[in-house]
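Okay, here's what each chain looks like letter by letter:
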Amino acid sequence: MLKREKRQASLGDSLLCLGFLIFTLSISLTKLGLSAHIPLVLGGVFCGFVAIFKLGFTWKELEEGILSTINSTMQAIIILLIVGMLIGTWIISGVVPSMIYWGLNILSPGIFLVATTIICSIVSISTGSSWTTAGTIGIALLGIGSALGIPKEIIAGAIISGAYFGDKMSPLSDTTNLAPAMAGTNLFTHIKHMLYSTIPAYVIALILYAIIGFKYAGQVIDNSQILQIQQALASNYNTLSPFLLLIPVMVIVMVIFKVPAIPGLVIGTLLGGFVAIVFQGASIKDVLEVAQVGYTSNSGMAFVDELLTRGGLNSMLGTVSLMLCALTTGGILEKTGMLEALASAILKFAKGTFGLVAATIFTCIGTNLAVADQYLAIVMPGSMYREAFKKQGLCPENLSRSLEDSATITSPLIPWNTCGAYMSATLGVGSFVFLPFAFFNLLCPLMSLTLAATGFGITKLSDENSEELESSIA
């Protein structure tokens, strides 16, 4: 049989495969209302046909590329599964309910918008989910704020700002685990590096909400909804003492002392299970079952039950399978040089650190617009620019921060994106309506660009961390 000569993909090949992938995803997500899993598989099949019959690659070579790409994210996949178990044990132990219970106590009439942002931040950091935060406590706060006469679009902006602060910074969040996996860094290094852009954006957002909220300072707030939520929480647990908050504090301390992510989260999970047995009267079977399938709340209050019915290893399997589907297609795109060809075309116009960060941010936003999925907006640009950051002498956490500051943060601002559609439907406010008031989401990409322009918070590769990077990628 005549052997076909192998060649690297051209820009045209890249655009052909990506065009097919975007078309398939767009139809499935927007027209058919399906998930992204099968369209990603179909996109991978199409890319595989192009690679084999047009570019001359063998299946063995493509398989090596797929397995190599998946292997580079195995740490993140393991962390996601542990996070699922941690969420379950932290709910049954009362840790997450305690965060919510005491977080609601900071609500004050004069700073309603600021308090709303902070409360949603606490809940989102506790659960790792912006969707759960907006769909539960967010709805309650929307009702309270509306009774005060505050426009719904402003309240929705504050809810989304707080929810995505937690979604971005929580080690329980899937996107917070996915971004460093694609960039080639570790979870806690990624979280600490995001503080450079996140804290200024968050502080400015709070100031803006405080300024807007001054005009509503004299109005009286109805505490009945808050009391109902707190009573429902308290009725399900023996204790919701602030003492329980020591567990997340201990995990944060482990982060500060550079305990690796996997053992740190395992310790947090074990502590949650121990506290559930000692303080909440749970049995060992209850704890093990919750770690596997998640916690089911039966408080009798819809908000609370929806908020706390989650967690468990099984809850992460959908995200893990989505990652595997995306990484399969991404492995083919990377092995054949399609991502490199596309990145090279874009990087011709991107000069220096600022150009590279700007290219990453706008590619992520463009992917969010075109593909309508925040996970793909992390996976595809992460694969495209990982080598470019390394060649520029930049640590991978610069890339992971850029991915989060754009792909994660802008997803709810796009009406046809899965996140935007969910937020609009849940809060009853259109994405373009609350967009001007989602201050944190708007500020994060700008802060990331500012850091790139000034050089502040930009970490360079040294010989030591270059070797560490090589080993982590390998």
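Residues numbered from 1 in each chain as written. Predicted model: local features only at pLDDT ≥ 70, side-chain atom pairs only at ≥ 80, totals over all residues. Heavy atoms only, no water.

## Remarks on the overall build of the chain
Stage number 1. Across its full length, the chain carries 25 helices and zero strands.
Stage number 2. Residues classed as buried in the chain amount to 57% of the 474 residues present.
Stage number 3. When the accessible area of the chain is evaluated, it comes to approximately 18,900 Å², of which 68% is carbon and sulfur surface. (Helix = DSSP H or I, 4+ residues; strand = E, 2+ residues; numbered from the N terminus. Buried < 20%, exposed > 50% of the residue type's maximum accessible area, 1.4 Å probe, protein only. Areas by Shrake-Rupley, 256 points an atom, 1.4 Å probe, with all protein chains shown as cover.)

## Observations regarding the packing of helix 10 (residues 174–183) against helix 11 (residues 187–213)
Stage number 1. Where helix 10 contacts helix 11, the axes come no closer than 9 Å and their chain directions differ by 105°. Compared by their axis directions, helix 10 and helix 11 come out roughly perpendicular. In this structure, helix 10 uses Thr176, Asn177, Ala179 and Pro180 to contact helix 11, whose residues at the interface are Leu187, His190, Ile191 and Met194.
Stage number 2. Each residue belonging to the contact of helix 10 with helix 11 can be placed in one class, and the counts come to five nonpolar, three polar and no charged. (Axes fitted to C-alpha atoms, helices over the stretch in contact; angles between N-to-C directions. Parallel < 35°, antiparallel > 145°, perpendicular 65-115°, else oblique. Contact = heavy atoms within 4.5 Å. Nonpolar A, V, L, I, M, F, W, Y, C, P; charged D, E, K, R; others polar.)

## Remarks on the environment of Leu55
Stage number 1. Structurally, the position occupied by Leu55 is in the loop between helix 2 (37–53) and helix 3 (59–71).
Stage number 2. Between the C-alpha atom of Leu55 and that of Gln8, which follows or precedes it by 47 residues, the distance is 6.8 Å.
Stage number 3. Those residues in contact with Leu55 that sit more than four places away from it in its chain are Glu5, Lys6, Arg7, Gln8, Ala9, Asp13, Val50, Thr336 and Met338.

## Brief notes about the nonpolar core
Stage number 1. Residues Leu40, Leu113, Leu308, Tyr385 and Phe440 are the most contacted members of the largest nonpolar core, which totals 136 residues.
Stage number 2. Residues from two domains meet in this core; each of domain 1 (11–21 + 35–49 + 60–71 + 317–472) and domain 2 (85–312) gives at least three.
Stage number 3. If near-sequence neighbours (up to four positions away) are discounted, Leu113 is found in contact with Ile150, Ile154, Ile155, Ala158, Tyr209, Ile212 and Gly213. (Core = buried A, V, L, I, M, F, W, Y, C linked by side-chain atoms within 4.5 Å. Domains from an automatic or database assignment.)

## Describing the packing of aromatic side chains
Stage number 1. Evaluated as defined, the whole model comprises ten aromatic pairs.
Stage number 2. Residues Phe243 and Phe279 carry aromatic rings whose centres are separated by 5.6 Å and whose planes lie at 45° to one another, so their mutual orientation is tilted. On the criterion of sequence distance, the pair formed by Phe243 in the loop between helix 12 (224–235) and helix 13 (246–256) and Phe279 in helix 14 (residues 261–279) is long-range, its members being 36 residues apart.
Stage number 3. Overall, Phe243 belongs to the partly exposed group, its relative accessible area being 45%.
Stage number 4. Every member of this aromatic cluster is reached through a ring pair, and the members are Phe165, Tyr202 and Phe440. (Phe/Tyr/Trp six-rings, centres within 6.5 Å; stacked < 30°, edge-to-face > 60°.)

## Concerning the pattern of salt bridges
Stage number 1. Scanning all chains against the criterion turns up two salt bridges.
Stage number 2. Residue Lys54 pairs with Asp13 through a salt bridge whose shortest N-O separation is 2.8 Å. With a gap of 41 residues between them, Lys54 in the loop between helix 2 and helix 3 and Asp13 in helix 1 (residues 11–31) connect regions that are remote in the sequence.
Stage number 3. Classification of Lys54 as partly exposed rests on a relative accessible area of 44%.
Stage number 4. Asp13 gets classed as buried once you look at its relative accessible area, which sits at 1%.
Stage number 5. Residue Asp405 pairs with Lys168 through a salt bridge whose shortest N-O separation is 2.3 Å. Of the two residues, Asp405 is situated in helix 21 (residues 396–410) and Lys168 in helix 9 (residues 152–169); the sequence distance between them amounts to 237 residues. (Salt bridge = Lys/Arg side-chain N within 4 Å of Asp/Glu carboxyl O.)

## Considerations on a nonpolar patch on the surface
Stage number 1. Judged by side-chain polarity, Phe243, Leu246, Val249, Val253, Phe257, Phe274, Ile277, Val278, Phe279, Ile284 and Leu288 come together as a nonpolar surface patch covering roughly 1,100 Å² of accessible area.
Stage number 2. For the nonpolar patch, the elements supplying multiple residues, two or more each, are helix 13, helix 14 and helix 15 (284–293).
Stage number 3. Ranked by the residues each element gives to the nonpolar patch, the list is headed by helix 14, at four residues. (Patch = residues over 30% accessible without salt bridge, like charges linked within 9 Å, V, L, I, M, F, W, Y side chains within 5 Å.)

## A short note on the environment of Gly352
Stage number 1. When you line up the elements, Gly352 lands in helix 19 (residues 352–371).
Stage number 2. Residue class for Gly352 comes out partly exposed when judged on its relative accessible area of 34%.
Stage number 3. Separated by 40 residues in sequence, Gly352 and Gln392 place their C-alpha atoms 7.6 Å apart.

## Some words on the confidence of the model for the chain
Stage number 1. With 89% of its residues at a pLDDT of at least 70, the chain reaches an overall mean of 82.
Stage number 2. Here helix 25 (residues 463–473) is the element of the chain with the lowest mean pLDDT, 47, and helix 24 (residues 439–454) is the one with the highest, 94.
Stage number 3. The low-confidence segment residues 469–474 (pLDDT under 50) makes ten contacts with residues lying over four places distant or belonging to another chain. (pLDDT = per-residue confidence, 0-100.)

## Digging into the packing of helix 20 (residues 374–391) against helix 21
Stage number 1. Interhelical geometry of helix 20 versus helix 21 gives an angle of 150° and a closest axis separation of 10 Å. The pairing of helix 20 with helix 21 is recorded here as roughly antiparallel in orientation. For the element pair helix 20 and helix 21, the recorded crossing hand is right-handed. For the pair helix 20 and helix 21, the contacting residues are Gln374, Ala377, Ile378, Pro381, Gly382, Tyr385, Arg386 and Phe389 in the first and Asn398, Leu399, Ser402, Leu403, Ala407 and Thr408 in the second.
Stage number 2. Among the residues making up the contact of helix 20 with helix 21, the classes are represented as eight nonpolar, five polar and one charged. (Left-handed = near helix turned anticlockwise from the far one by under 90°.)

## Thoughts on the side chain of Glu404
Stage number 1. You can see Glu404 is positioned in helix 21.
Stage number 2. Buried charge Glu404 goes without a salt bridge, the closest partner of opposite sign being Lys168 at 7.3 Å.
Stage number 3. Polar side-chain contacts of Glu404 include one of 3.5 Å to the side chain of Thr176.
Stage number 4. A polar side-chain atom of Glu404 sits 3.1 Å from a polar atom in the side chain of His190.
Stage number 5. Once residues lying within four places of it in the same chain are set aside, the contact partners of Glu404 are Lys168, Thr175, Thr176, Ala179, His190, Met194 and Ile409. (Lys, Arg positive; Asp, Glu negative; His and termini not counted. Polar contact = N/O pair within 3.5 Å; in protein donor to acceptor, adjacent residues only side chain to side chain.)

## Brief notes about helix 17 (residues 317–335)
At 3.6 residues per turn, the α-helix brings residues three or four places apart onto the same side.
Stage number 1. The terminal C-alpha atoms of helix 17 lie 26 Å apart, and with 19 residues this matches the ideal 27 Å at 1.5 Å per residue to within 8%.
Stage number 2. Every buried residue of helix 17 is accounted for by Thr319, Val320, Leu322, Met323, Cys325, Ala326, Leu327, Thr329, Gly330, Gly331, Ile332 and Leu333.
Stage number 3. Directly beyond the C-terminal end of helix 17, a positive phi value near 85° is found at Gly337. (Expected span 1.5 Å × (residues − 1).)

## Overview of the side chain of Ser121
Stage number 1. As for its position among the elements, Ser121 is in helix 6 (residues 112–127).
Stage number 2. Judged by its relative accessible area of 3%, Ser121 is buried.
Stage number 3. For Ser121, the residues in contact, after removing those within four places along its chain, are Gly162, Phe165, Gly166 and Tyr202.

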